[in-house]
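Coordinates in review
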Amino acid sequence: MPKKLINVSNFSGGLNKNTNSRDMIADEYQVMLNLNNEIPGKLTMYGSSVADAKNVANATAITSINHGNGLFHFNLDRDISTPTVVSNTEYLAINDIVNKKVRIIDYTDSSNSSTDISTDIVYATSGSHEVLMYMADGGLRVVPKPSANNSIYPSILYYQEQIFNFGDLDPDFLVQDFSTFKVHKLHIGGITGGTTITPSYGNRSNNLDPDRLYRQNTVFKPTYGSEFFVDNLMVKTNITASNVSNPNTYNFGRDQMDALFDSIPGNVYQYSSPINVNGRVGAMTMVSYFSNNNNAGLDEDSNITVYKDSDNKRYGLWVAPMYEKNTYEAPAYFMNTIPQPNNSVTTEVKRKLFFGLYGRPPADSRISGYKIYWGLITNYQESSSPQIYDEGSVSAKYCFAEVDFTRGIRYAGEDTYSAFTEDLSKTTTSGTPAVDYKWYNWCFPVDAYDASADHFKGQAFSDLLTIEPYIHKTPSLIGPNGTGFKTVTIANRKAYIGNVKYYDKESNLVEKNDRILKSLPNQFDYFEEDNFIDVEVEDGDDIIKLASLGQRLLEFKKRVLYIINVSRNIEYLEGTYAFKGCEKDYHVYEGEGFIAWINPNGIFFYDGQQLTDISLNESGQSVFSSNSFYDDDHVIGYLPKTKELYIANKDNTILKYDLKSQSWTEGDAFGVVNSSNFTNFILKNDESLSYYQLIQGLNGAADKIELRNWNPTPISFTGANKTIFKTKEFDFGNPTANKNINTIYVNYKNGQNITVKGFGTKRDASAVALTDIGSLIDTSGGFRTTKLAVPATFKDLVSFGIALELDGASAADFELNDLQIVYRDKVFR
């Protein structure tokens, strides 16, 4: 028989650890360890994990991290430390679980020093927590995953770009530049209420019921830290007694106004001594009353009817905080009824309404203004202690005024804002130097206060317009202490959160592990209780991860995947896929135009049109033996430069999937010595696949974390008689005939410490174990073809294969181009 040959030069089939070695596809391989088939027609050495050049000192001092969690990468148009400079800065956010805060690292300007920490986001007071971090419109949200510990505070870091000057452009006015980065609580909530209202409300704030008529001056008080309140002095007897001589004024003097704020203990609403001119604290109070005219003719141009006392009809005022340049509007909360004009109103009368405000913007808050609403309350009954609710019915509410800390005040029906003015009487403070105390001054609508007469005169109104109705909003669920969620994704300018914990309408803290809440459009922090998606509930399966791709939302439970179409206002279920859920949220990766994930049943890839198990080869068989590809500790990432998926483990093993050739390879040197937990993967601006890894200290040294990158550049690997490459068993197209293997040709570069071995099977099914054929050599950087004579061991075989074994250190630039097997068929006898 003439000699024949087989050329082994196509490595694109990659690894197959499951199929019988004789039944594998020709370009699949039993072993491909630390070898990369990313370049067509060539094998090179694997890349490696390397320490990043910018390991910030204060970050590396972190001694504990959650595996697969806690790292986020983002970019900002500004430098957090110097926000007036536009710089397109790159940041890393890392969870310091021991100290219960996320540390923000300025990666762009990092000099490996402690000053590279731009800010900290404290999110809890106790416990160790996994956190979710995500961006929306330039704001970094940090949300601890809910646990039995309720001392958690979902927070946001964002750039507050506005100057609070109430519409007055005079630089000497009460100007405060808030154009800086701030960390605030995430909650878009109502005005802060008392902490001891009733047992059902006793352990939380900012989540009160907007439908309640809270007893006036009891729930919203300056001593409770309320951003907006009505003082106890604003009751009927005070109003009627104060404006007898001048029915359109109210003797509520400057000193009384100052006392509302300055007397609060702990400097909550006053400045320390000396006054801090770099910021201000504050709140706002509202003064409203009807004209106390006895001569009805003085109010004949008014269209506002004041009802008899016995009719039990009162005009009420509600206040809704506005957030972030008035983008978000929280629910409106009842403040007070407008006091009746006389000691006794026995007939319906027409009266002018006088209204004014006094105070400052609140401190350390996302609030950017207020909307004030009026409404008519029927069947009104004022409560008395210890009750906390007034009684009555409200059919509708309408806008009365809108306060914008930047533009001023706009009354209903107006298109423009009017500037506020300020109390200039504060020029010094006892015990402090005589400096410019403009930061201390209170502000109020123009002409609302007459300092010379020391009385308040609100702006007069003859109409209560109904052209801007109040659109009822329920409180946002996420933000109060103890609330949160375990997964989030953003699609169609909405945030979808899953496996949620929140206070329901009855003020019970509930946990809905099957529920998805969706935010209002373009309001990524506002979640209403009735705005939810329930696909399958009470099925003993929790939502683990939410992901989105185009117009589709993927809800991963442990056992089942649900694909939900979100292209319309009403979402609908598009597909249910059993056994395609996930065990851990870090088992899912959202890539460029795809989502990939892993579970004990397979490795899956979804491109928006088709769901594929990429652990199966073209024959439909898994290339991995049972569960050899899965581990709870696997973390999945993606490298765009090479179009490769990486699945790494803290035991230093790594699987790599090449999207181009649709093939797998593996490595066993992913991490570093004495390493353990590592975070999720991120992609930095240079497209490095990066992560933080905990490095265990030796000889008493403290543990620390290290920022590391996966570098695809080949490196040297060391092995002790380790098989790094093994082909299938070739039967040469004639499985029953004996063959003699004559010669092996290897085309390669720099093959030191690598031995070519053969293996096979005899006619009687006895195996020929791996046997040396010959060694490769150092070719000094050039390619060469080595001819290796095959020993007699490989005569009379029915099948034959080749392996490469590494004993020592390989060359970093080792390359294998092809192998040729020369053989001769023997006559079958």
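Small disclaimer: the values here were computed from a predicted structure and weren't measured.

Below, the discussion takes up the overall build of the chain. Scanning the chain from N- to C-terminus turns up 3 helices and 59 strands. Considering only intrachain contacts with a sequence separation of at least 6, the fraction spanning at least 24 residues in the chain is 65%. As presented, the chain carries roughly 32,400 Å² of accessible surface, and 46% of it is formed by carbon and sulfur atoms.

In total, this model carries 45 aromatic pairs according to the counting rule given. A centroid spacing of 5.7 Å and a plane angle of 75° characterise the contact between tyrosine 370 and phenylalanine 405, whose relative ring orientation is edge-to-face. Of this pair, tyrosine 370 sits in strand β25 (residues 367-381) while phenylalanine 405 is found in the loop between β26 (391-404) and β27 (408-411), placing the two residues 35 residues apart along the sequence. Here tyrosine 370 and phenylalanine 405 have matching classes, each one buried. Judged by centre distance (4.8 Å) and plane angle (65°), the ring pair of tyrosine 373 and tyrosine 470 falls under edge-to-face. Taken together, the residues span a long stretch of sequence, with tyrosine 373 in strand β25 and tyrosine 470 in the loop between β32 (459-461) and β33 (484-491) at a distance of 97 residues.

Before going further, it helps to examine the sheet that holds strand β12 (residues 139-144). Spatial ordering of the open sheet is given by β11-β12-β13-β16, a layout of 4 strands whose pairing is antiparallel. Looking at the sheet topology across the chains shown, the edges are occupied by β11 (131-136) and β16 (180-185). Each neighbouring strand pair of the sheet contributes to a mean axis angle of 20°, computed without reference to strand direction. The pairing of β11 with β12 spans 6 bridges and is classified as antiparallel. Bridging across to β12, methionine 135 finds its partner in leucine 140.

Our focus in this paragraph is the environment of glycine 667. Residue placement: glycine 667 occurs in strand β48 (residues 663-667). Residues glycine 667 and serine 48 lie 619 residues apart in sequence; the distance between their C-alpha atoms is 9.5 Å. Excluding anything up to four places from it in sequence, glycine 667 contacts Leu33, Asn34, Tyr46, Asn652, Thr653 and Ile654.

This part covers the layout of surface pockets. Counted as a void, the largest pocket has a volume near 890 Å³. In this structure, the largest pocket is lined by 30 residues; those nearest its centre are Phe72, Met133, Lys545, Glu590 and Asn680. Of all the secondary-structure elements, those providing two or more residues to the lining of the largest pocket are β7 (71-78), β11, β33, β37 (543-549), β41 (588-590), β45 (635-639) and β50 (682-683). Here the lining of the largest pocket is built from residues that sort into 17 nonpolar, 9 polar and 4 charged.

All right, on to the pairing of strand β8 (residues 86-96) then. In terms of residue burial, β8 counts as a mostly covered element, since 8 of its 11 residues are buried. Sheet analysis places β7 next to β8, joined by 7 bridges and oriented antiparallel. Across the sheet, residue histidine 73 finds its bridge partner in β8, namely leucine 92. Bridge count between β8 and strand β9 (residues 101-106): 6 bridges; the pairing is antiparallel. Within the sheet, the bridge partner assigned to asparagine 95 lies in β9 and is valine 102.

What follows deals with unusual backbone geometry. In this structure, aspartate 137 is a non-glycine residue whose phi angle is positive, near 50°. Within the secondary structure, aspartate 137 sits in the loop between β11 and β12. Here aspartate 137 falls in the exposed class, since its relative accessible area comes to 57%. Positive phi outside glycine occurs at asparagine 312, with the angle close to 55°. By secondary structure assignment, the location of asparagine 312 is in the loop between β19 (305-306) and β20 (314-323).

In terms of burial, β25 is largely enclosed, as 11 of its 15 residues are buried. Across 10 bridges, β20 lies against β25 in antiparallel orientation. Bridge assignment links proline 321 to a residue of β25, and that residue is tyrosine 370. Taken together, the 10 bridges between β25 and β26 define a ladder with antiparallel strand orientation. Residue tryptophan 374 lies in a different strand from β26, and its bridge partner there is tyrosine 398.

The sheet built from 4 strands is open, its strands ordered β45-β46-β47-β48 with antiparallel pairing. In this open sheet, the two strands that pair with only one neighbour each are β45 and β48. Shown here is a sheet whose adjacent strand axes are inclined to one another by a mean of 20°, direction ignored. One ladder, built from 5 bridges, connects strand β46 (residues 644-648) with strand β47 (residues 654-658); its direction is antiparallel. Across the sheet, alanine 648 pairs through a bridge with isoleucine 654, a residue of β47.

Reading guide: rules and limits
- Residues numbered from 1 in each chain as written.
- Predicted model: local features only at pLDDT ≥ 70, side-chain atom pairs only at ≥ 80, totals over all residues.
- Heavy atoms only, no water.
- Helix = DSSP H or I, 4+ residues; strand = E, 2+ residues; numbered from the N terminus.
- Contact = heavy atoms within 4.5 Å.
- Areas by Shrake-Rupley, 256 points an atom, 1.4 Å probe, with all protein chains shown as cover.
- Phe/Tyr/Trp six-rings, centres within 6.5 Å; stacked < 30°, edge-to-face > 60°.
- Buried < 20%, exposed > 50% of the residue type's maximum accessible area, 1.4 Å probe, protein only.
- Pairing = 2+ DSSP bridges.
- Axes fitted to C-alpha atoms, helices over the stretch in contact; angles between N-to-C directions.
- 1 Å grid on protein atoms, 1.4 Å probe; cavity = no way out; pocket = protein on both sides within 12 Å on 5 of 7 lines; lining within 4 Å.
- Points joined across faces, edges and corners; volume = space filled by probe spheres on them.
- Nonpolar A, V, L, I, M, F, W, Y, C, P; charged D, E, K, R; others polar.

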